[in-house]
Amino acid sequence: MWLFFKRLSLLGMLCNMFLMTGCDPFVENNTIEEISPVIFWSINTGEEGKLKISTLVPPVIKETKRLLSLQVDLFKQGGEKFNLIYYRELKRGQTRMVLINEELARKGVISIINTLLVDPEISQRLYLVIVRGNFDDYMQNQIKTQPDLDYFFYRMLKHYEKYNQGEMSIMNLHQFKSTLYSPFPYPILPVFKVNSDNFSYLGTAMFDQDKLIGTIKQMDDQIFQLLNNDHYLKFLPIPKLATTLGYIHSDVHKKLDRTYSTLSIQIDITGIVEEYRGDKNIIEQEQFYQLRDDIEHYLEQQTTDLLKKMQQYKVDPLQFGNLTLSPFARPMSKGKWMDYWQNMEINVDYNVRLAPLSNVQK
Amino acid sequence: MSAFSLFEKKSTFGSVYVILIVNRLQLLYFLFITPMFLVQPYMIWAIIAVGILSQLNLVLLSKWFTSNFAAMGYQGFVKLLGERTVRFFAFIGLFPILIKIVVTTLHYVGTISQFIFPSMKISWLIFFVFGISCFVASHGMENTIRFVVIAYLCVFWMILLFFYPFFTPPIAALHDLYPLIPTEWSLHSWYALLFLWSAFSGPEYLICLTPWLDNNQKMLKYLTIGNILTLLEYLIVFIASLFFFGSNYLSKTNYPVVNMVRFLQSPIFERIDIILISVDLFHFVFNIAILLLFFYGATRISLKRLEKQTTPIGLISIYVAIFVFMFILQKWFWRPGTSDINIWVTIEMWSGAFTYLLVPAFLMIAIRRKGRVQ
């Protein structure tokens, strides 16, 4: 027993010797008072091909907030240079969002995505967002009135991601990367529109590999959510028919013929009529069916237009290309699929089943 | 103070120990990198095929354990092959064991360094990991064999984490598994097969444990269970990684399994991967420790010192020699990464494949010849 203690104290002394003489295995200092975790990076195009990156510090501590921004050649350079202009050391382990400016996204984001993927400290659940307008101005303006804006923004993305509520196309780094590196690389990202006072969801950005090609908005975006992303919408207002549908679930059946010349999509929709301000007396069965037929027709038209637009843009964000994959053949190349896709005939067929308005009188 | 005896034999180890040792020896660091070598979905069949081949090989191996020679322990080897030959083979065996120790340690250390302590000096990590293994090995063969139960209990549940979310939609989409039949076959595919065979290697080291194992007719059954467990784990991990990455990205990623674990989330811990990598230390420590003891034992056999008492000096000098070798290797000859550029992983792959192929076959032939002579 005595021998054991002797050995133990010897070992302790040895450890102390190492630690006190500075032969310390740990290099990084993570004292909480001296660091500042970063919640988001906003990346913009700067002058002369540089990147302009900014972030809000400090993220959570009660202290006056300020916006740091820098012009850098490399994304990671920001991490280093921010430390020189700010008294806390920035740590990137808590990064939750990266906001990329639309102009920059049009030129391609692959280098930024790869930088994020390489970093073991950055989570794969990081949200990627495209911003139209100047996000820095908006932040600068709002710091006084809403100091925790960055945190609220993160909560908002998380809220809409969690149960696919069908309001927004929220994408995280992993989802974006998986599509980017799949045989048919046409990922999507949400687009937010921002000016100095306002901030709003605009729609879904369609990418051809890492380059932003176009944005689908409003009604098109809602249909997009029904077709692919969420298969659910809480509200679907159709102003043209003076109707609002609610709690819409969609069931999508896609079929591609053997020669890849026709694509048939059948979409079964169930929901309820939540609001009606038109001229029909939809309490009556017949008129109600007529309204339903109108809705079907309207959605068919809209969806066909949307898909035509995708064909024009030469993108396939709904991943119809996956229909060509089979267990017994090599996957088709991207270019070959695009040739088929551009000239494909599209048949859209909606089956709408609605519960009528209830508890009302005409 | 009792005598310092590492290789004392007080009890024999039966069924559970054999199963766990086979399983743990097979599932070494390959678990971290297997998917990126296989890449194509049709390699699912290759895993199954190689698993069956490995099973056949284990049938050969079990012949040794059921023979009369095995019951005699070391003397059995001497009777079978003659003392000079045994010493020669023990000396030859030092090299694959050394390579396995070094590659395993450095690979695990590389993983820690990349995901947990990127800012820490690698030599410190080697020192800690190797130090713990030496500590376990110093407790002797019997205790190290018992340690496999701890190692197994610490690690086996990790595979359960892969069912959710990787095997459920939206991550799991059937088209990620297409094509299911080989549409092309290149040199790389052969390489993947070799790699798989090497991934199933490990059970051949059981012959070093002959004196401690309970040699009876059921040996084959235990070996089979261990092998099937390994096969299932490889299948689960590989299919999950195909779902998660898709085969296109899988070829580009390093440490696919760790990257998958990083995607998991828990309400309490942000970085689950750190915990899992740390807990996996038990698994690696068991492997390295038992290989260290093999190395020491083989050195003693080849130096003809088997009858003498084991000494702390002897063991420590082995530790120091291996550590220095590893340190030098890491400093000047080791390139981080797991792909083609790391020659040591390639060497380990070939040596593992060879030992697994040759050892059971060789013993089998020797037993047959001896039987005919007598």
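Calculation notes
Residues numbered from 1 in each chain as written. Chains lettered and ligands numbered in written order. Predicted model: local features only at pLDDT ≥ 70, side-chain atom pairs only at ≥ 80, totals over all residues. Heavy atoms only, no water. Helix = DSSP H or I, 4+ residues; strand = E, 2+ residues; numbered from the N terminus. Contact = heavy atoms within 4.5 Å. Expected span 1.5 Å × (residues − 1). Buried < 20%, exposed > 50% of the residue type's maximum accessible area, 1.4 Å probe, protein only. Arc of directions from axis to C-beta. Axes fitted to C-alpha atoms, helices over the stretch in contact; angles between N-to-C directions. Left-handed = near helix turned anticlockwise from the far one by under 90°. Nonpolar A, V, L, I, M, F, W, Y, C, P; charged D, E, K, R; others polar. Domains from an automatic or database assignment. Buried area = accessible area lost by both parts, 1.4 Å probe. Salt bridge = Lys/Arg side-chain N within 4 Å of Asp/Glu carboxyl O. Polar contact = N/O pair within 3.5 Å; in protein donor to acceptor, adjacent residues only side chain to side chain.

Topic: the environment of N29(A)
All names here are of chain A. Among the structural elements, N29 can be located in the loop between α1 (2–20) and β1 (35–37). When the C-alpha positions of N29 and E89 are compared, they lie 9.3 Å apart, and in sequence the two are 60 residues distant. Those residues within four positions of N29 in sequence are excluded, and the remaining contacts are E34, I35, E89 and K91.

Concerning helix α6 (residues 149–162) of chain A
Residue and element names in this part refer to chain A. The end-to-end C-alpha separation of α6 is 20 Å, in line with the 20 Å expected for 14 residues at 1.5 Å each. Turning to α6, its buried residues are L149, D150, F153, Y154 and L157. Each buried residue of α6 lies within a common arc of 140° when the element is viewed along its axis, so the set occupies one face. At the C-terminal side of α6, N164 shows a positive phi close to 50°.

So, the packing of helix α12 (residues 272–302) of chain B against helix α13 (residues 312–333) of chain B
Between two packed helices, what matters for the description is the angle formed by their axes and the separation of those axes. Residues and elements named next belong to chain B. Close contact between α12 and α13 brings their axes to 10 Å; oriented N to C, the two are set at 115°. For the pair α12 and α13, the crossing hand works out as right-handed. Residues L292, F295, Y296 and T299 of α12 lie in contact with α13, whose contacting residues are G314, L315, I318, Y319 and I322. Per-class residue counts for the contact of α12 with α13 are seven nonpolar, two polar and no charged.

Re the domain arrangement of chain A
All names here are of chain A. The domains assigned to chain A are domain 1 (32–215) and domain 2 (231–362). With centres defined by C-alpha atoms, the gap from domain 1 to domain 2 works out at 32 Å. Contact with domain 1, which involves 17 residues of that partner, is made by 19 residues of domain 2. Carbon and sulfur atoms supply 66% of the area buried between domain 1 and domain 2, which totals about 1400 Å² over both sides. Linking domain 1 with domain 2 are one salt bridge, by the criterion used here. Taking the shortest distance from any N to any O, the salt bridge between K334 and D208 comes out at 3.1 Å. The interface formed by domain 1 and domain 2 holds two residue pairs in polar contact (both at pLDDT 80 or more) in total. If you list the elements that add at least two residues to the side of domain 1 that touches domain 2, you get β10 (199–208) and β11 (211–217). With three residues, β10 is the largest single contributor of residues to the side of domain 1 that touches domain 2.

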